[in-house]
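As a plain string of letters, each chain reads:
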Amino acid sequence: MSAPLVVLVGPMGVGKSTVGELLAGRLGTTYRDTDADVVATAGKPIAEIFYDEGEERFRELESRAVRDAVAEHTGVLSLGGGAVLDETTRALLAGHAVVYLSMDVDEAVKRVGLNTARPLLAVNPRRQWRELMEARRHLYTDMARAVVATDERTPDEVAQAVLDALELPDAPSSGRENATMTDQGPTRIQVAGSAGTDPYEVVIGRQLLGELPTFIGDRVKRVAVLHPEALAGTGEAVRQDLADQGYEAVAIQLPNAEEAKTVEVAAYCWKALGQTGFTRTDVIVGVGGGATTDVAGFVAATWLRGVRWIAVPTTVLAMVDAAVGGKTGINTAEGKNLVGAFHPPAGVLCDLAALDSLPVNDYVSGMAEIIKAGFISDPVILDLVEADPQGARTPAGPHTSELIERAIRVKAEVVSSDLKESGLREILNYGHTLAHAIEKNERYKWRHGAAVSVGMVFAAELGRLAGRLDDATADRHRAVLESVGLPLTYRGDQWPKLLENMKVDKKSRGDLLRFIVLDALGKPTVLEGPDPAVLLAAFGEVSA
């Protein structure tokens, strides 16, 4: 009879997924997560199951997922934090190699505070986490063959402790050649300063909330945490953590997504800063997706002619694009990001744990910017996506860390050379001229990445028709983008409106339309004033 080699249990945020993947690699086997099985079965994130159908329905799905996984899986298996509440599950796991990964409450809040969809920790993380643990700790302990503390240990150290506790050897071929960024601690990417701006650091990893005070500094008295309505619990967790460390921390809630990027919302933030006595030596922290970091940076740039700010992006799109580079802004009725400022952050914290509960469509949307980085600068990105398109669609994929890191390095290198988009930085707008026109036409209801995907296919066809780009590279755009589930077409009858929208694009010069196209893979260039017939023909290739 088959059985999992190792079963990991423990509270949310303890790192079961990260440790489980490391263990699987070290043991030369496969990894499975019952939470992921539940999401796949329900077709929606766990938080939505809770909100739409209730906890009882989620527990039914969870119990079934555990039963199936125990019967089918022979590698490393991790269970959701509350799976042990089910008596049938506890009985089913009797006699198996169950390991309880434990952590204390302060560490727990640091780890789960940035995860955007913890339905059982929605209001007061510390109190609710303690209550959850009081109800579950004895269940974890009673069913476990071994208990491994995770506090002040890296995921790699925890994985080794599990192997030691169960007396399991590394697979002979696993070694450390596949060690990842997560094994070695956070990755730190430097973004150079330019005239009038300081260099800053982008930190990529997990369990990064503890890094925030380092960026803020000891001389700061007040911190304003800007967050969207959808991340109210996360924003409060960050605010409370900073308050516990002695800062006068306030949380300012913004509307969700692009609805936040208005002058009215910015004015609301200015009023809140004024009422709390915010000075030039205080700091703004933007926690959320790209719209939130855009607004946070813009408010920081305009308050007292510029205060320091820190980006804590929680989506793929924000991590690889919006939060890095210092472009801040808001939208107007005439177009996207037409009002803004170049105001680089003092630091960026990309906590990959925030991606674990991101809805699949939002995650895939962010992949468009990663793929863009592959076409304009780093073709290895395209190779990684093509090697495992399904893995590229999920934060649990084998190349997630590397894809995000590579995309950030591309942007960091470009913006370090050209902060204010006077030359090289324009290449980052590959696919964006049409994308912004689509977004405006859809009143910003389309996901940014979806529009960029269509925009890149359009740019590839424009490059091909202009005699710049070879057929194979142009066709590769469609293959790579489609493989991860991004759209390739848009409504053909909208061309007149899209053309008008593109005329107010930031890259235009007077009435001269300008597009970023490729001369070859990794060789972007500017195409100025293309023939209207060529533009129409290129759009015909993406028309639905």
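Cut-offs and rules
Residues numbered from 1 in each chain as written. Predicted model: local features only at pLDDT ≥ 70, side-chain atom pairs only at ≥ 80, totals over all residues. Heavy atoms only, no water. Helix = DSSP H or I, 4+ residues; strand = E, 2+ residues; numbered from the N terminus. Buried < 20%, exposed > 50% of the residue type's maximum accessible area, 1.4 Å probe, protein only. Contact = heavy atoms within 4.5 Å. Areas by Shrake-Rupley, 256 points an atom, 1.4 Å probe, with all protein chains shown as cover. Salt bridge = Lys/Arg side-chain N within 4 Å of Asp/Glu carboxyl O. Pairing = 2+ DSSP bridges. Axes fitted to C-alpha atoms, helices over the stretch in contact; angles between N-to-C directions. Right-handed = clockwise from strand over helix to strand, strands pointing away. Phe/Tyr/Trp six-rings, centres within 6.5 Å; stacked < 30°, edge-to-face > 60°. Parallel < 35°, antiparallel > 145°, perpendicular 65-115°, else oblique. Left-handed = near helix turned anticlockwise from the far one by under 90°.

(A) Geometry of the overall build of the protein chain. Along the backbone of the protein chain there are 22 helices and 16 strands. The burial tally for the protein chain puts 57% of its 544 residues in the buried class. Residue pairs in contact within the protein chain that sit at least 24 positions apart in sequence constitute 74% of those at least 6 positions apart. Of the roughly 21,800 Å² of accessible surface on the protein chain, 49% is carried by carbon and sulfur atoms.

(B) Representation of the environment of Val14 within the structure. For Val14, the location among the structural elements is in the loop between strand E1 (6-9) and helix H1 (16-27). It is 7.2 Å that separates the C-alpha atoms of Val14 and Thr150, two residues lying 136 residues apart in sequence.

(C) Region of interest: the pattern of salt bridges. The full count for this structure, using the stated rule, is 34 salt bridges. Its salt-bridge partner being Glu248, residue Arg222 comes within 3.6 Å of it at the nearest N-O pair. A residue pair is termed long-range when its members are at least 10 positions apart, and Arg222 in strand E8 (residues 222-228) and Glu248 in strand E9 (residues 248-254) qualify at 26 residues. For Glu248, a relative accessible area of 41% puts it in the partly exposed group. Ionic pairing is found between Arg514 and Glu426, a salt bridge with its closest N-O pair at 2.7 Å. Linking Arg514 in strand E15 (residues 514-520) with Glu426 in the loop between helix H17 (400-417) and helix H18 (432-441), this pair joins segments that are 88 residues apart in sequence. Residues joined in a network through salt bridges with shared partners are Glu461, Arg464, Asp471, Asp475 and Arg478.

(D) Here's a closer look at the sheet that holds strand E3 (residues 76-78). Spatial ordering of the open sheet is given by E2-E3-E1-E4-E5, a layout of 5 strands whose pairing is parallel. One side of each edge strand has no neighbouring strand; the edge strands of this open sheet are strand E2 (31-33) and strand E5 (146-149). On average, each strand axis in the sheet is inclined to that of its neighbour by 25°, with strand direction left out of account. In this sheet, strand E4 (residues 98-102) lies alongside E1 in parallel orientation, the contact comprising 3 bridges. Looking at the pairing, Leu8 lines up with Val99 of E4. Sheet strands touched by helix H8 (residues 155-166): E1, E4 and E5. Its angle to E5, the strand with the most contacts, is close to 160°.

(E) Main features of the side chain of Thr293. Secondary-structure assignment places Thr293 in helix H12 (residues 290-302). If sequence neighbours within four positions are ignored, Thr293 has contacts with Gly286, Gly288, Trp309, Ala311, Ala322 and Ala323.

(F) Highlighting the sheet that holds strand E14 (residues 347-351). The strand order across the open sheet formed by 7 strands is E6-E7-E14-E11-E10-E8-E9, and the pairing between neighbours is mixed. The two strands at the open ends of the sheet, each matched to only one other strand, are strand E6 (187-191) and E9. Sheet twist, expressed as the mean angle between neighbouring strand axes with direction ignored, is 15°. Looking at chain direction, E8 and E9 are connected through 7 bridges and run parallel. Directly across from Ala224, in E9, lies its bridge partner Val250. Helix H10 (residues 232-244) rests against E8, E9 and strand E10 (283-288) of the sheet, and its axis sits at about 170° to E8. Each of E8, E9 and E10 touches helix H11 (residues 263-275); the most contacted strand, E9, lies at about 160° to it.

(G) Structural detail: the pairing of E10. Extensive coverage of E10 is indicated by the burial of 6 of its 6 residues. Pairing of E8 with E10 involves 4 bridges; the strand directions are parallel. Among the inter-strand pairings, Ala224 is bridged to a residue of E10, identified as Ile284. Two elements, E10 and strand E11 (residues 308-313), share 6 bridges in a ladder whose sense is parallel. Note that in E11 the partner of Ile284 across the bridge is Trp309. What joins E10 to E11 is H12, and the crossover it makes is right-handed.

(H) Structural view of the packing of aromatic side chains. Scanning the model with the defined rule gives 6 aromatic pairs in all. Here Trp270 and Phe298 contribute two aromatic rings whose centre-to-centre distance is 6.4 Å and whose plane-to-plane angle is 45°, an arrangement assigned as tilted. Separated by 28 residues along the polypeptide, Trp270 in helix H11 and Phe298 in helix H12 bring together distant segments of the chain. Among the aromatic residues, those joined into a ring-pair cluster are Phe458, Trp495, Phe515 and Phe539.

(I) Representation of the packing of H18 against helix H21 (residues 495-502) within the structure. Close contact between H18 and H21 brings their axes to 9 Å; oriented N to C, the two are set at 115°. As the angle between them shows, H18 and H21 are arranged roughly perpendicular. The two elements H18 and H21 cross, and the hand of that crossing is right-handed. The residues of H21 that touch H18, namely those facing Thr433, Leu434, Ala437, Ile438, Lys440 and Asn441, are Lys497, Leu498, Asn501 and Met502.

Scope: geometric values only; no functional claims are made or implied.
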